[in-house]
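In case you want the letters, here they are:
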Amino acid sequence: MYFYNLYSVHLASEQNNAGASSEFGSLLKDVCTYSEDVLQFVKKIRRRLPAEGSNSVLQFSEDVHNHLLKCRENVEQVMSAAYLLRKSTVQQIAMSGESTFVSVEKIKELAHESTDKAYGKDDSGPECLRQSMNLVMTSMNALSSGMQEGEYEIEKSSITKGNPPVHLRAQAVKEEARDLENLKFKLEAREGDILELKKALKIKSDELSEMHVRKEMAEKKLEIATKDGDERVDRIQRQLDEAKMLLKKKEKEFEETLDHLQADIDALETERGELKDKIKLFSKKAILEGLSKTTSLASLVASPTSPTVPGTVQSSVVISRDSSLLSQQVQDLQLALKHLKNENLRLQTDTMMKQLESLPPLKVPTKPTGFC
């Protein structure tokens, strides 16, 4: 009925602006319609309830029980939301002063706040009111139809009588005592397990303390090793820099030495060329002089009356010890000169032997008398 009053009092003045077909007005109309339908179905269900002293009783299945519990939960949520909305609306009217109406937008805002408080995390706005009433109406319709057809009615005689309540209670107490004894044993076992766990925890705590000490020692060693490593790296880096500087210096000295050696080699090459030219010239002169001497010796042998003047060939050879090629050439020239000298001596010797053989034999004088 509150939704009827809410619509007739607070939304009647909004017909000129939004009309009765506004979204929120349609929601309230649907909720009112569902409420009327639920009331009609409840009346039908009430008329089908067994009277006192009747031989039939109602017996619902588990699904029906669950549906009824769900319907009760939804009805409670709708009633809670309606109560909160009514309370907020009254407070809004009291705060507004002389005005006795609340705008549609404000009612929507208050409805959102009310459903949020009533439904909690399942809130989807005022639309959840329509969904809840639709669910209740559907469930009541199904229940009313089932009762109209006698689906849930059974005879009292068909119900099996159980044990007396006293016996059931005594059996339950015995089971509880057995459960209590079992719980006692379990509790003692758990206490033993707790003691064992405490001992194990103490052992683990000691091991953890020892590991912590080892960790600190290892960290200290690592710090020292890192420091030594850094110092070693610095020292090696300095040595490397010094070696690089020394290498650069040696390379510079090597380049300078190489330049000097190259200059010396160029000078020696020039000198060797000059010496080659001189040796060639000297060789030609020596050969010509040797040939001339040989010719003059032959002429002396041919004319024995002519005086023989022994001649000597003087030669001066400049040998450069810095070049092995020049030394070899000089040696070859010396051998050639020696050969020429030997040949000249052989010819002179042959000539002298021939002259001696051509001389008349010597007459040896006899021993004079009187010299005995």
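Residues numbered from 1 in each chain as written. Predicted model: local features only at pLDDT ≥ 70, side-chain atom pairs only at ≥ 80, totals over all residues. Heavy atoms only, no water.

Here we take up the overall build of the protein chain. What the protein chain contains, in helices and strands, is seven helices and two strands. The order of helices and strands in the protein chain, counted from the N terminus, is α-α-β-α-α-α-β-α-α. Counting every position in the protein chain, which comprises 372 residues, the buried fraction comes to 18%. Within the protein chain, residue pairs in contact and separated by at least 24 positions form 72% of the contacts whose partners lie at least 6 positions apart. (Helix = DSSP H or I, 4+ residues; strand = E, 2+ residues; numbered from the N terminus. Buried < 20%, exposed > 50% of the residue type's maximum accessible area, 1.4 Å probe, protein only. Contact = heavy atoms within 4.5 Å.)

Counting 29 residues, the largest nonpolar core has F24, V38, Y119, L129, M133, M140 and L143 as its most contacted members. Those elements that place two or more of their residues in this core are α2 (23-47), α3 (62-96), α4 (104-119) and α5 (127-148). (Core = buried A, V, L, I, M, F, W, Y, C linked by side-chain atoms within 4.5 Å.)

The next point concerns the packing of α2 against α5. One way to put it is that α2 packs onto α5 with a least axis distance of 9 Å and a crossing angle of 20°. One finds that α2 runs roughly parallel with respect to α5. α2 and α5 meet at a crossing whose hand is left-handed. Among the residues making up the contact of α2 with α5, the classes are represented as 14 nonpolar, six polar and five charged. (Axes fitted to C-alpha atoms, helices over the stretch in contact; angles between N-to-C directions. Parallel < 35°, antiparallel > 145°, perpendicular 65-115°, else oblique. Left-handed = near helix turned anticlockwise from the far one by under 90°. Nonpolar A, V, L, I, M, F, W, Y, C, P; charged D, E, K, R; others polar.)

One pass over the structure, following the stated rule, counts eight salt bridges. Notably, a salt bridge pairs R130 with D30, separated by 2.9 Å at the nearest N-O pair. You can see R130 sitting in helix α5 and its partner D30 sitting in helix α2, a full 100 residues away along the chain. Note on R130: relative accessible area 17%, which makes it buried. Taking the relative accessible area as the measure of exposure, D30 reaches 26% and is therefore partly exposed. Put simply, E210 and R214 hold a salt bridge, and the shortest N to O gap is 2.7 Å. (Salt bridge = Lys/Arg side-chain N within 4 Å of Asp/Glu carboxyl O.)

Moving on to a nonpolar patch on the surface. Together, M353, L356 and L359 make up a nonpolar patch on the protein surface, roughly 310 Å² of accessible area in all. Considering the arrangement of structural elements, one finds L359 in the segment after α7 (324-358). (Patch = residues over 30% accessible without salt bridge, like charges linked within 9 Å, V, L, I, M, F, W, Y side chains within 5 Å. Areas by Shrake-Rupley, 256 points an atom, 1.4 Å probe, with all protein chains shown as cover.)

Another aspect to go through is the side chain of S114. Relative to the helices and strands, S114 is located in helix α4. Since its relative accessible area comes to 2%, S114 is described here as buried. Within polar-contact distance, the side chain of S114 engages the backbone oxygen of L110 at 2.9 Å. Leaving out residues up to four positions away in the same chain, S114 has contacts with A81, L84, L85 and S88. (Polar contact = N/O pair within 3.5 Å; in protein donor to acceptor, adjacent residues only side chain to side chain.)

The next thing to look at is a negative patch on the surface. On the surface, E251, E253, E255, E256 and D259 cluster together to form a negatively charged patch. Within the secondary structure, E256 sits in helix α6 (residues 165-302). (Lys, Arg positive; Asp, Glu negative; His and termini not counted. Charge placed at Lys NZ, Arg CZ, Asp CG, Glu CD.)

In this structure the tally under the stated criterion is one aromatic pair. A ring pair is formed by F60 and Y152, whose centres lie 5.1 Å apart and whose planes are at 55°; its orientation type is tilted. Here F60, found in the loop between β1 (56-58) and α3, pairs with Y152, found in the loop between α5 and β2 (153-155); they are 92 residues apart in sequence, far enough to count as distant. A relative accessible area of 24% places F60 in the partly exposed class. (Phe/Tyr/Trp six-rings, centres within 6.5 Å; stacked < 30°, edge-to-face > 60°.)

Below, the discussion takes up a positive patch on the surface. There is a patch of like positive charges on the surface, built from K43, K44, R46 and R47. In this structure R46 comes out as exposed when scored by relative accessible area, which is 59%.

The topology assignment puts V102 in the loop between α3 and α4. For V102, a relative accessible area of 5% puts it in the buried group. A sequence separation of 12 residues divides V102 from V90, and the C-alpha atoms of the two residues are 9.4 Å apart.

Its 25 residues place the ends of α2 37 Å apart at the C-alpha level, agreeing with the 36 Å of an ideal helix rising 1.5 Å per residue. Listed as buried for α2 are F24, G25, L27, L28, V31, C32, Y34, V38, F41 and I45. (Expected span 1.5 Å × (residues − 1).)

In the contact formed by α3 and α5, the axes pass within 9 Å of each other and the chain directions differ by 145°. Considering the relative orientation of α3 and α5, their crossing is left-handed. Counted together, V64, H67, L68, K70, C71, N74, V75, Q77, V78 and A81 of α3 and L129, S132, M133, L135, V136, S139, M140 and L143 of α5 form the full contact between these two elements. Within the contact of α3 with α5, the residues separate by chemical class into 12 nonpolar, five polar and one charged.

Below, the discussion takes up α5. Here α5 contains 22 residues, and its C-alpha end-to-end distance of 32 Å stays within 8% of the 32 Å for a straight helix at 1.5 Å per residue. G150 sits one or two residues past α5 and shows a positive phi near 70°.

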